[in-house]
Amino acid sequence: MSVERKNWTVEQILEVYNTPLLELVNRGQEVHRANNNPSEVQVSSLISIKTGGCAEDCGYCPQSVKYNTGVEAHKLMTVDEVLGAADIAKSNGASRLCMGAAWREVRDNSDFERVLEMVKGVNAKDMEVCCTLGMLTEEQAQKLADAGLYAYNHNIDTSEDNYKKIITTRKYDDRLDTIKNVQKAKISVCSGGIIGMGESVEDRVKMLHTLSSLDEIPDSVPINALVPVAGTPMENQPLLPIWDMVRMIATTRIVMPKAVVRLSAGRTQMSLEGQALCFLAGANSIFAGDKLLTTPNPEFNEDMEMFRIFGLTPRKAFNGKGKLEHVSADHHH
Ligand code: SF4
């Protein structure tokens, strides 16, 4: 899939974002229909393979050692535990399994070797395997690719200007470097951000501008609503108005027409009607399963009921195209 691109400017994206709301939803839907199957939603399942004890200080995150949030640290899960979780996720309709580890960066040690085994094992189950493990070198990205990794998640979170206010232990450029390393290894990139952290509309728009200006537009773009967690610097942030989420989803869809736009964290705070508007605006992916790393998420059954009401169906792994075809079709431009 060669993603056709328009070189959006910040001003143009801002204009889209500020379109009257229902007009914007309609435009998002039109772009969505012209580029994707509007009744298909990609369902991912996210498991925390290594929880808590992270040395970074991301202001929204309950897993940082800097904040007292009551999250219990767990060391890396075993390969068998992960493969068992993959079976459950698959039987519940998930086509992608994302494995998250609260690491600052990947180190070349036995833990990484174990993650590579997990990747091989999940890939053998014909699920799209995704990891989010922190920063990666080019060599590490290549090892993950060789093990069969389909996608790598590495969010840019917010605009470059706002990033310093949220995280001090690494730089925006570190993020972009890892994304480049992932792209060099021909792994599908999943990168998005979080809104509701106290950022301005310009910050949101600039984040979308950065994503749409990458060498390759990310295949998947998660849009998260902050889930304020007690003990983090953001514990007192007011809940994001649903209208901001709808605006952000529609704008993301319009700016990156073929990307999978994921309605990610924060769904437990949204009504079914609010989520319906997000799907209308162009969202076509969710995380399913009762937990997103450490914060709550709707149960699988609730989501399947939502799909039934809305008339949506879960998308097959590899977009129904089969693994090999995907690799040749999607990764060699
Ligand atoms: S978001 Fe990731 S890198 Fe940041 S503190 Fe949490 S686990 Fe660590």
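Residues numbered from 1 in each chain as written. Predicted model: local features only at pLDDT ≥ 70, side-chain atom pairs only at ≥ 80, totals over all residues. Heavy atoms only, no water.

S.K.: Would you mind going over the packing of helix α9 (residues 242–255) against helix α10 (residues 272–281) with me for this structure?
M.R.: For any two helices packed against each other, one specifies the crossing angle of their axes together with the interaxial distance. Direction vectors running N to C along α9 and α10 enclose 15°, while the axes themselves pass 8 Å from each other. By the criterion of interaxial angle, the relationship of α9 to α10 is roughly parallel. The chirality of how α9 crosses α10 is right-handed. Along its contact with α9, which presents Ile242, Trp243, Met245, Val246, Ile249, Ala250 and Arg253, the element α10 presents Gly274, Leu277, Cys278 and Ala281. In the contact of α9 with α10, the residues fall into 9 nonpolar, 1 polar and 1 charged. (Axes fitted to C-alpha atoms, helices over the stretch in contact; angles between N-to-C directions. Helix = DSSP H or I, 4+ residues; strand = E, 2+ residues; numbered from the N terminus. Parallel < 35°, antiparallel > 145°, perpendicular 65-115°, else oblique. Left-handed = near helix turned anticlockwise from the far one by under 90°. Contact = heavy atoms within 4.5 Å. Nonpolar A, V, L, I, M, F, W, Y, C, P; charged D, E, K, R; others polar.)

S.K.: What is the right way to look at the environment of Lys206 in this model?
M.R.: With respect to the helices and strands, Lys206 occurs in helix α8 (residues 201–212). Residue class for Lys206 comes out partly exposed when judged on its relative accessible area of 31%. Sequence-wise, Lys206 and Thr137 are 69 residues apart; in three dimensions their C-alpha atoms are separated by 26 Å. If sequence neighbours within four positions are ignored, Lys206 has contacts with Val10, Ser159 and Asp161. (Buried < 20%, exposed > 50% of the residue type's maximum accessible area, 1.4 Å probe, protein only.)

S.K.: I'm lost on the site of the ligand in this one. Help?
M.R.: Around the ligand sit Cys54, Glu56, Cys58, Tyr60, Cys61, Ser64, Ala102 and Arg170, and that is every residue in its neighbourhood. Taken together, the residues of the shell around the ligand sort by class into 5 nonpolar, 1 polar and 2 charged. (Near = heavy atom within 4 Å.)

S.K.: Looking at this structure, how should I read the environment of Arg114?
M.R.: Structurally, the position occupied by Arg114 is in helix α4 (residues 110–123). Residue Arg114 is classed as partly exposed on the basis of its relative accessible area, which comes to 30%. The spatial distance from the C-alpha of Arg114 to the C-alpha of Thr137 is 17 Å, given a sequence separation of 23 residues. Residues contacting Arg114, with those up to four places away along its chain left out, are Leu76, Met77, Thr78 and Val79. A distance of 2.9 Å separates a polar side-chain atom of Arg114 from the backbone oxygen of Leu76. (Polar contact = N/O pair within 3.5 Å; in protein donor to acceptor, adjacent residues only side chain to side chain.)

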